[in-house]
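Read off the chains here:
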Amino acid sequence: MVWRPTLPRDARESVERLAVRKTYKLFIGGAFPRSESGRSYAVTSSKGEFLANASKASRKDARDAVVAARKAFGGWSGATAYNRGQVIYRIAEMLEGRRAQFAAELVAADGVSAKKAGELVDAAVDRLVWYAGWSDKISAIRGSANPVAGPYFNLSSTEPTGVVAVVAPPMGPLLGLVSVVVPVIVTGNTCVVVASGRAPLPSVTLAEVLATSDLPGGVVNILTGDAAELAPWLAGHMDVNGIDLTGAAPELAVACEQLAAENLKRVIRPPDGEIDWLADPGTGRMTAFLETKTVWHPIGV
Amino acid sequence: MSTTTSIDVASSNATLRAFLHGLPGVDRVGADGRAAMLGTRSIKTTAKRQAIDLAISMVDLTTLEGADTPGKVRAMCAKAVHPDPANPDVPKVAAVCVYPDLVAEAVPAVRGSGVKVASVATAFPSGRSSLEVKVTDTALAVAAGADEVDMVIDRGAFLAGDYLKVYEEIVAIKAACGPAHLKVILETGELSTYDNVRRASWLAMLAGGDFIKTSTGKVQPAATLPVTLVMLEAVRDFLAATGRKVGVKPAGGIRTTKDAIKMLVLVNETVGDGWLHPDWFRLGASSVLNDLLMQRQKQDTGRYSGPDYFTLD
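This structure is a prediction, so every number in the text was calculated from the model and none was measured.

S.K.: Just to check I follow, could you spell out the overall build of chain B for this structure?
M.R.: Secondary structure assignment for chain B yields 13 helices and eight strands. Computed over its C-alpha atoms, the radius of gyration of chain B comes to 19 Å, within 12% of the 20 Å expected for a compact globule of 313 residues. The principal-axis extents of the C-alpha atoms in chain B amount to approximately 60 × 45 × 30 Å. Across the 313 residues that make up chain B, the buried fraction comes to 54%. Long-range pairs, those at least 24 residues apart, make up 75% of the contacts in chain B with a sequence separation of at least 6. In the structure as shown, chain B presents an accessible area of about 12,400 Å², 55% of it carried by carbon and sulfur atoms. Looking at charge distribution, chain B has the averaged site of its 34 positive side-chain charges lying 4 Å from that of its 34 negative ones.

Below, the structure written as structure tokens:
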């Protein structure tokens, strides 16, 4: 007779199914790698309870993310504005489909009420749709036909700046994140985002949304970890063309802006006070990472 | 290894076959495992700096495209002599590698710098032509001033078991080279087994090749670590058996500094530092040079560099 391990009857009855826990990883080049360094850190809820372990990205992950963003830049900036708008609208569709999941994560991360969390997710979806509409209109308000004193047409049009590093705000782990990332990519830039260190889990879930919404891999790369560790490497990186320091603490922002001067990055400084992410965002975040190309076109020859 | 001389084993197809098939087989899993293990070595700071400079000095800067123009070759030669024009302490590369008709363009462009001119020849990259054409191809390249000739073996003959034909072709090309160094390209991506790589390495060395080179760069996979390991073991055993030292050149697919440093680790651990010199080990590549320069600049300035600051090719 073959021996088999058995549990006492009462123990078997009390065995419960173990929940399958999600591993929160980085988002680089459309893939979900662990940190090259192998590090992770514990993420807690607003009440201090353990939620999950998140990857703690290293400078080499940041470097890899910049390479991925640079690689994606040609295709994304070369896509038609109409196509970019469609892709961003698609992100909104995917996000809408995960409304309940995001609301639950916001309740856990920020301790907001379920009703408030639902409103924040709705606002994030609306923000995506709003920016999607701008994709083929921004050049109409920022470009121009310039009157010049000579036998020329002189036409200015907008071009994306390139690879932009984004330090996402620590507050507003979903709406704040969407509000800083989408204006950067809608005009054709690609980006490397340092997510909120305090509440990184919604950013990883947002990465899952991005990965399933026709957005080419590498257009958005999301790193979780310590902004004070990662941001200076991105600010000093010679292949990064702009940096949004919205989520950087004051001293970190000053250090990063100094590093960013070496290759004349475009910089968005952190705000003086709290930002109301529910307010009308305006076009400032899009135009901050746009270049102007002016073409002189002879006439009458 | 026996002390059989190459004249004995190359007397007929049967003796060559007996010798090559008598070589010990390669443990595929073992070779893959050892190459992967050596690839995990961590080379940092000052050692990394030395490795980067050594790797730069070993690069055969290569352009082998149908679209190569004289201007592109001249630009590449300028880069070979001064890889980073803003930084004179960057070493020059070992050689430039071009098609035979562009040798005459490259020779004056690198004259006096110490950078060698290598030319591919023998109906590169397929090697599908008659011996007369291959010998003439080689002779023209040498006459135009090539210091080194990179020939391809006839893989069709090799895979069909006609080792003598491959052997005699290498001997004929070696004769046509005259003073020029002969690198024999095995095109390991088409040889399908490590046993074949070992046999082709020995065949090329017996026939008089000065270097054995993995690939043309036109076939994938190209210079993988385990294939390079097998070839390094072959040159080590060949030196022990015959007293003649042969160089190794992995080419194709080496794109990053990490790839290049893994190769150097492999050389040091397999054949020792006697091969850690551009005379005995080369890296056939083009894009790896920019990555090496970027890593070097990262070490100098402390900030990550970007491809915008280096030439495209």
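S.K.: How should I be thinking about helix H4 (residues 45-58) of chain B in this particular structure?
M.R.: Three- or four-residue spacings in an α-helix give side chains the same orientation, since the helix completes a turn every 3.6 residues. All names here are of chain B. The end-to-end C-alpha distance of H4, which contains 14 residues, comes to 20 Å, matching closely the 20 Å that a straight helix rising 1.5 Å per residue would cover. Among all positions in H4, only Lys-48, Ala-51, Ile-52, Ala-55, Ile-56, Ser-57 and Met-58 are buried. Elements that come into contact with the buried residues of H4 comprise strand S1 (59-62), helix H12 (257-270), strand S8 (283-285) and helix H13 (287-301).

S.K.: I'm lost on the sheet that holds strand S3 (residues 144-145) of chain A in this one. Help?
M.R.: Residue and element names in this part refer to chain A. Taken in spatial order, the three strands line up as S3-S4-S10 in an open sheet, and their pairing is antiparallel. Bordering the open sheet on either side are S3 and strand S10 (290-298), each of which pairs with just one other strand. With nine bridges joining them, strand S4 (residues 152-160) and S10 adopt antiparallel strand pairing. Its bridge partner being in S10, Ser-157 is matched across the sheet by Lys-293.

S.K.: When you look at the packing of aromatic side chains in this model, what are you seeing that I'm missing?
M.R.: Applying the stated rule across the entire model yields nine aromatic pairs over all chains. Seen in terms of ring centroids, Trp130(A) and Tyr131(A) are 5.0 Å apart; in terms of plane orientation they differ by 75°. Their pairing is edge-to-face. The partly exposed category is assigned to Trp130(A), whose relative accessible area is 34%. Here the aromatic rings of Trp233(A) and Tyr304(B) are separated by 5.5 Å at their centres, their planes lie at 45°, and the arrangement is tilted. On the criterion of chain membership, the pair formed by Trp233(A) in helix H9 (residues 227-236) and Tyr304(B) in the segment after H13 is interchain, its members lying in two chains. Residue class for Trp233(A) comes out partly exposed when judged on its relative accessible area of 25%. Put simply, the rings of Trp130(A), Tyr131(A) and Trp134(A) touch in pairs and so form one group of aromatic residues. Lying over the aromatic face of Tyr194(B), Arg28(B) brings its terminal NZ or CZ to 4.1 Å of the ring centre. The side chain of Lys245(B) reaches across the aromatic face of Trp275(B), ending 4.7 Å from its centre.

S.K.: Would you mind showing me how to read the interface of chain B and chain A here?
M.R.: One frequent convention defines the size of an interface as the accessible area lost when the parts assemble. Chain B puts 11 residues into the contact, and the matching count from chain A is 11 residues. Between chain B and chain A the total buried area reaches about 1,000 Å² when both faces are included, carbon and sulfur atoms providing 49% of it. When the area that chain B buries against chain A is broken down by residue, the three leading residues are Arg303(B), Tyr304(B) and Tyr309(B), summing to 65%. Summed over the shared surface of chain B and chain A, the result is five residue pairs in polar contact (both at pLDDT 80 or more).

S.K.: Sorry if this is basic, but what is going on with helix H5 (residues 70-81) of chain B here?
M.R.: All names here are of chain B. With 12 residues, H5 ought to run about 16 Å at 1.5 Å a step, and its terminal C-alpha atoms sit 17 Å apart, in line with that. Taken together, the buried positions of H5 are occupied by Val-73, Met-76, Cys-77, Lys-79, Ala-80 and Val-81. Those residues of H5 hidden inside the fold are in contact with S1, strand S2 (95-98), helix H6 (103-110) and H13.

S.K.: Looking at this structure, I do not really get the state of the cysteines. What am I missing?
M.R.: A disulfide bridge is the covalent bond that connects two cysteines by way of their sulfur atoms. Applying the stated rule across the entire model yields zero disulfides over all chains. Of the cysteine sulfurs around Cys97(B), a residue in no disulfide, the closest is that of Cys77(B), at 11 Å.

S.K.: So what exactly am I meant to see when it comes to the environment of Pro232(A) here?
M.R.: Residue and element names in this part refer to chain A. Position of Pro-232 relative to the elements: it lies in helix H9. Along the sequence, Pro-232 and Glu-257 sit 25 residues apart, while their C-alpha atoms lie 8.9 Å from each other. With residues near it in sequence (within four places) discarded, Pro-232 still touches Ala-227, Leu-252, Cys-256 and Leu-259.

S.K.: How should I be thinking about the environment of Ile173(B) in this particular structure?
M.R.: Assignment of secondary structure puts Ile173(B) in helix H9 (residues 163-177). Once the C-alpha coordinates of Ile173(B) and Val135(B) are considered, the two residues, 38 residues apart in sequence, prove to be 5.7 Å apart.

S.K.: How do you make sense of the packing of H9(B) against helix H10 (residues 194-206) of chain B when you look at a structure like this?
M.R.: To describe two helices that pack against each other, one gives the angle between their axes and the distance between the axes. All names here are of chain B. One way to put it is that H9 packs onto H10 with a least axis distance of 9 Å and a crossing angle of 40°. Relative to H10, the element H9 lies oblique. The chirality of how H9 crosses H10 is right-handed. Taking contact as the criterion, the partners of Tyr-163, Val-166, Tyr-167 and Ile-170 in H9 are, on H10, Arg-199, Leu-203, Ala-204 and Leu-206. In terms of residue class, the contact of H9 with H10 is made up of seven nonpolar, no polar and one charged.

Thresholds applied
Residues numbered from 1 in each chain as written. Chains lettered and ligands numbered in written order. Predicted model: local features only at pLDDT ≥ 70, side-chain atom pairs only at ≥ 80, totals over all residues. Heavy atoms only, no water. Helix = DSSP H or I, 4+ residues; strand = E, 2+ residues; numbered from the N terminus. Rg over C-alpha atoms; globule rule 2.2 N^0.38 Å. Buried < 20%, exposed > 50% of the residue type's maximum accessible area, 1.4 Å probe, protein only. Contact = heavy atoms within 4.5 Å. Areas by Shrake-Rupley, 256 points an atom, 1.4 Å probe, with all protein chains shown as cover. Lys, Arg positive; Asp, Glu negative; His and termini not counted. Charge placed at Lys NZ, Arg CZ, Asp CG, Glu CD. Expected span 1.5 Å × (residues − 1). Pairing = 2+ DSSP bridges. Phe/Tyr/Trp six-rings, centres within 6.5 Å; stacked < 30°, edge-to-face > 60°. Lys NZ or Arg CZ within 6 Å of the ring centre and 35° of its normal. Buried area = accessible area lost by both parts, 1.4 Å probe. Polar contact = N/O pair within 3.5 Å; in protein donor to acceptor, adjacent residues only side chain to side chain. Disulfide = S-S within 2.5 Å. Axes fitted to C-alpha atoms, helices over the stretch in contact; angles between N-to-C directions. Parallel < 35°, antiparallel > 145°, perpendicular 65-115°, else oblique. Left-handed = near helix turned anticlockwise from the far one by under 90°. Nonpolar A, V, L, I, M, F, W, Y, C, P; charged D, E, K, R; others polar.

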